[in-house]
Amino acid sequence: MSAVPGSGRLASGWSVVLGQELKDLWLAARGQALVLTFALLLSALTYLAAMNRELNLLDQRDTVNLVLQLTLGLGVVLALLFSADSLSGERERETLETLLLTPLTPREVAIGKLLASLTVWPVIMIVAVPYVFALRVGSALSIESIAAASAVGSILTVAFASFGMALSTVSDSNRLSLGVSLFAFVVLMAPTQLPLSGWLGDLMVSVNPVSAGSLSRQDRRQRPFVGR
């Protein structure tokens, strides 16, 4: 079986970049602090939901919705910001030239950095899974909610991270790349939090990839991820 010319080098090249980026992200204090902060936030939310159960301030399903919405939003925005910082940050710190002087090609560097930024979503989702089951809405409903959130989050993470990487490639300023990425995320996320109604509201929800993907078919404006 003959090897495709250059295929082995491409695989080893991006894997080297990926491994280094994963070390910098998850073995450094930055990644660990993000996971710890998110876990503490979900712990506080779960505790408040348990304390207010008798008062019916939050339905269990509403709490699951909130947990998964926070997970989806945080996972996507972190992947977006990490990818937007990947190349423009190196360029601004004047380390990109040194990286490109290695035997790696620009494509290998971009692929490795993009894949590293995509690892944020599964890590964030894994942290959220125990909290969804802790809310005790039923194992079948919990599994269905987690599966739906995982599928939607994966699609959105790939899309937003790719967008951030594209911006980082063409931007000379790290602030510009991060600012445009964050602005695009806020613009697309806003319709999911606003009380839209009428044909215009339905159109905005349908064409927006964030709202259209995160809301269920049965009720697009009330209960994302879980049914009634």
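Keep in mind it's a predicted model, so treat the numbers as computed, not measured.

Caption draft 1: Local environment of the overall build of the protein chain. Broken down by element type, the protein chain carries ten helices and zero strands. Scored against the burial criterion, the 228 residues of the protein chain give a buried share of 40%. Put simply, of all contacts in the protein chain between residues at least 6 apart along the chain, 76% involve residues at least 24 apart. Summing over all exposed atoms, the protein chain offers an accessible surface of approximately 12600 Å²; the carbon and sulfur share of this is 68%.

Caption draft 2: Representation of helix H6 (residues 120–134). Its 15 residues place the ends of H6 23 Å apart at the C-alpha level, agreeing with the 21 Å of an ideal helix rising 1.5 Å per residue. Approximately 25° is the largest bend angle found in H6, and it occurs at Ala128, with the proline Pro130 only one to four residues beyond. Those residues of H6 that sit buried are Val120, Trp121, Ile124, Met125, Val127, Ala128, Tyr131 and Val132.

Caption draft 3: Just the environment of Ala161, in detail. Relative to the helices and strands, Ala161 is located in helix H7 (residues 139–170). Ala161 sits in the buried class, given a relative accessible area of 0%. The sequence separation of Ala161 and Ser181 amounts to 20 residues, and the corresponding C-alpha distance is 9.4 Å. Ignoring anything within four residues of it in the chain, the contact list for Ala161 reads Ala79, Leu80, Ser83, Leu114, Ser117 and Leu118.

Caption draft 4: Looking closely at the packing of aromatic side chains. Considering all chains together, one arrives at one aromatic pair under this definition. Seen in terms of ring centroids, Phe160 and Phe185 are 5.9 Å apart; in terms of plane orientation they differ by 75°. Their pairing is edge-to-face. Separated by 25 residues along the polypeptide, Phe160 in helix H7 and Phe185 in helix H8 (residues 174–193) bring together distant segments of the chain. Exposure class is identical for Phe160 and Phe185. Each is buried.

Caption draft 5: View of the packing of helix H5 (residues 106–118) against H6. Where H5 contacts H6, the two axes come as close as 4 Å, and the packing angle between them is 10°. Overall, the two elements H5 and H6 adopt an arrangement that is roughly parallel. Counted together, Ala116, Ser117 and Leu118 of H5 and Val120, Trp121 and Pro122 of H6 form the full contact between these two elements. In terms of residue class, the contact of H5 with H6 is built from five nonpolar, one polar and no charged.

Caption draft 6: Quick peek at the pattern of salt bridges. The tally for this structure, following the rule as stated, stands at two salt bridges. Here Glu21 and Lys113 are joined by a salt bridge, their closest N and O atoms 2.7 Å apart. With Glu21 in helix H1 (residues 7–26) and Lys113 in helix H5, this residue pair connects regions lying 92 residues apart in the sequence. Relative accessible area serves as the criterion here: at 4%, Lys113 is assigned to the buried category.

Caption draft 7: Representation of the side chain of Thr71. Within the element layout of this structure, Thr71 appears in helix H3 (residues 60–92). Excluding residues that lie within four positions of it along the chain, Thr71 makes contacts with Phe38, Trp121, Ile124, Met125 and Ala128.

Caption draft 8: Region of the structure containing the confidence of the model for the protein chain. Per-residue confidence for the protein chain averages 75 on the pLDDT scale, and 71% of its residues sit at or above 70. Predicted confidence for residues 1–8 stays below pLDDT 50, and this span has zero contacts to residues more than four positions away or in other chains.

Caption draft 9: Main features of H5. Its 13 residues give H5 an end-to-end C-alpha distance of 18 Å, which sits within 8% of 18 Å, the value for a rise of 1.5 Å per residue. Those residues of H5 that fall on the buried side of the exposure criterion are Glu108, Val109, Ala110, Gly112, Lys113, Leu114, Ala116, Ser117 and Leu118.

Caption draft 10: Representation of a nonpolar patch on the surface within the structure. On the surface, Leu41, Leu66 and Leu70 cluster together into a nonpolar patch covering about 220 Å² of accessible area. Tracing the chain through its elements places Leu66 in helix H3.

Caption draft 11: Region of the structure containing the environment of Val186. Position of Val186 relative to the elements: it lies in helix H8. Judged by its relative accessible area of 47%, Val186 is partly exposed. Sequence spacing of Val186 and Val77 is 109 residues, and the spatial spacing of their C-alpha atoms is 9.3 Å.

Cut-offs applied
- Residues numbered from 1 in each chain as written.
- Predicted model: local features only at pLDDT ≥ 70, side-chain atom pairs only at ≥ 80, totals over all residues.
- Heavy atoms only, no water.
- Helix = DSSP H or I, 4+ residues; strand = E, 2+ residues; numbered from the N terminus.
- Buried < 20%, exposed > 50% of the residue type's maximum accessible area, 1.4 Å probe, protein only.
- Contact = heavy atoms within 4.5 Å.
- Areas by Shrake-Rupley, 256 points an atom, 1.4 Å probe, with all protein chains shown as cover.
- Expected span 1.5 Å × (residues − 1).
- Bend = angle between axes of the 7 residues up to and from the residue.
- Phe/Tyr/Trp six-rings, centres within 6.5 Å; stacked < 30°, edge-to-face > 60°.
- Axes fitted to C-alpha atoms, helices over the stretch in contact; angles between N-to-C directions.
- Parallel < 35°, antiparallel > 145°, perpendicular 65-115°, else oblique.
- Nonpolar A, V, L, I, M, F, W, Y, C, P; charged D, E, K, R; others polar.
- Salt bridge = Lys/Arg side-chain N within 4 Å of Asp/Glu carboxyl O.
- pLDDT = per-residue confidence, 0-100.
- Patch = residues over 30% accessible without salt bridge, like charges linked within 9 Å, V, L, I, M, F, W, Y side chains within 5 Å.

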